[in-house]
Amino acid sequence: MDEEFRSLTDRIADEAGESEAFRRLLATDDDEELAGVLVERERPLWAREMAAFRLGCRGDRRAFEALVLLLNHRDAERCVSAAHALLVLGDPRTPGAAAALATNSLRTAYALHPVRLLTALRAPQSVPALVSTLHRLLAPDEPHWRVALACVEGLGSLGDARARPALEAALPHPRLGAAAAEALRRLPGG
């Protein structure tokens with residue numbers, strides 16, 4: 001059992017109350033049973049999350065939609081698990097979905113994990129989405145500075161010269177300046 005799966009099961013065990021349904025989902029190796037959980041009515045969120053995570057980590061694309069919904073959840077721990085499973089899943093739709101979530105101005109409070117996933121994916125959509133999100137978050141008194149910081153760090157990690165203007169614009173920001181300077185050093189010709 002890897003660390004992400006152990007963290008998920010520990011968290012869900014509390015939520016599920018160590019129920020028989022929880023033990024069954026934890027033990028089954030039947031992908032059809034797991035996929036059924038995603039579409040059955042009146043299944044609790046913890047069951048859908050467990051099934052989606054397990055399917056995603058097995059490379060079963062039926063988990064994609066559920067994982068994207070969990071990536072945009074208000075509960076950060078659910079987002080972390082979903083991002084991990086999406087990265088392992090390797091579905092070609094993932095970069096587009098993560099970019100859409102990261103750039104949605106109405107969901108900025110929940111954009112931290114989509115931003116981090118975009119960095120890990122290193123997809124063609126990653127740099128444009130991170131630049132767009134960062135520009136929007138440089139406004140004075142922007143409360144989502146942690147998302148902006150993740151954009152800055154992600155752009156530094158990606159090392160793409162197209163990020164230079166956005167990173168330079170972040171330099172005067174008190175919470176982003178040091179990270180922006182480091183990210184700029186990591187760019188070509190930095």
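Heads up: the structure comes first, above all this text.
Rules of the game
Residues numbered from 1 in each chain as written. Predicted model: local features only at pLDDT ≥ 70, side-chain atom pairs only at ≥ 80, totals over all residues. Heavy atoms only, no water. Helix = DSSP H or I, 4+ residues; strand = E, 2+ residues; numbered from the N terminus. Buried < 20%, exposed > 50% of the residue type's maximum accessible area, 1.4 Å probe, protein only. Contact = heavy atoms within 4.5 Å. Areas by Shrake-Rupley, 256 points an atom, 1.4 Å probe, with all protein chains shown as cover. Lys, Arg positive; Asp, Glu negative; His and termini not counted. Charge placed at Lys NZ, Arg CZ, Asp CG, Glu CD. Core = buried A, V, L, I, M, F, W, Y, C linked by side-chain atoms within 4.5 Å. Expected span 1.5 Å × (residues − 1). Polar contact = N/O pair within 3.5 Å; in protein donor to acceptor, adjacent residues only side chain to side chain. 1 Å grid on protein atoms, 1.4 Å probe; cavity = no way out; pocket = protein on both sides within 12 Å on 5 of 7 lines; lining within 4 Å. Points joined across faces, edges and corners; volume = space filled by probe spheres on them. Nonpolar A, V, L, I, M, F, W, Y, C, P; charged D, E, K, R; others polar. Phe/Tyr/Trp six-rings, centres within 6.5 Å; stacked < 30°, edge-to-face > 60°. Lys NZ or Arg CZ within 6 Å of the ring centre and 35° of its normal.

### A look at the overall build of the chain
Helix and strand content of the chain: twelve helices and zero strands. In the chain, the succession of α and β elements from N to C terminus is α-α-α-α-α-α-α-α-α-α-α-α. Across its three principal directions, the C-alpha atoms of the chain cover 55 × 30 × 25 Å. Looking at the 190 residues of the chain, the share that counts as buried comes to 49%. Pairs at least 24 apart in sequence give 62% of the contacts found in the chain among residues at least 6 apart. Accessible area for the chain stands at about 9,400 Å²; split by element, carbon and sulfur atoms hold 52% of it. Counting 24 positive and 27 negative side-chain charges, the chain places the averaged centre of each group 5 Å from the other.

### Describing the nonpolar core
Residues L67, L86, L134, V152, L155 and L167 are the most contacted members of the largest nonpolar core, which totals 66 residues. Element by element, the count of residues in this core is highest for helix α10 (residues 145-158), at nine residues. If sequence neighbours within four positions are ignored, L155 has contacts with V127, L130, V131, L134, D160, A163, L167 and L187.

### Here's the deal with helix α1 (residues 3-16)
An ideal rise of 1.5 Å per residue puts 20 Å on 14 residues; α1 measures up with 20 Å between its terminal C-alpha atoms. Taken together, the buried positions of α1 are occupied by F5, L8, T9, R11, I12, A13 and A16. Its buried side turned inward, α1 meets α2 (20-27), α4 (45-57) and α6 (76-89). The backbone nitrogen of E4 has a side-chain oxygen 3.3 Å away, supplied by the residue at the start of α1, namely D2. G17 sits one or two positions beyond α1 and adopts a positive phi of about 65°.

### A look at the environment of P143
Relative to the helices and strands, P143 resides in the loop between α9 (126-136) and α10. Assessed through its relative accessible area of 58%, P143 is described here as exposed. Considering only alpha carbons, one finds P143 and D30, 113 residues apart in sequence, at a separation of 44 Å.

### Considering the layout of surface pockets
If you add up the space inside the largest pocket, you get close to 180 Å³. Among the elements that line the lining of the largest pocket, the one with the most residues is α10, at three residues. Along the lines of polarity and charge, the residues of the lining of the largest pocket split into nine nonpolar, four polar and two charged.

### Description of the packing of aromatic side chains
Following the criterion strictly, the structure yields two aromatic pairs and no others. Note on F5 and F53: the rings are 5.9 Å apart at their centroids and 10° apart in plane angle, and the pair reads as stacked. Taken together, the residues F5 in helix α1 and F53 in helix α4 connect sequence positions 48 residues apart. For F53, a relative accessible area of 2% corresponds to the buried category. Here R93 stacks its cationic end above the ring of F64, 4.0 Å away from the centre of that ring.

### Remarks on the environment of L55
As for its placement among the helices and strands, L55 is situated in helix α4. Measuring from C-alpha to C-alpha, the distance between L55 and A139 comes to 40 Å, with 84 residues separating the pair along the chain. Excluding its chain neighbours within four sequence positions, the residues that come into contact with L55 are D31, L34, A35, L38, D60 and A63.

### Some details on unusual backbone geometry
A positive phi angle, near 65°, is found at E42, a position not held by glycine. Relative to the assigned elements, E42 resides in the loop between α3 (31-39) and α4. The phi dihedral of D141 is positive, around 60°, even though this residue is not glycine. Residue placement: D141 occurs in the loop between α9 and α10.

### Looking at the side chain of T94
Along the chain, T94 turns up in helix α7 (residues 94-103). Beyond its immediate sequence surroundings of up to four residues, T94 is in contact with F64, L86, L117 and L121.

From the geometry alone we can't say anything about function, so treat these as descriptive.
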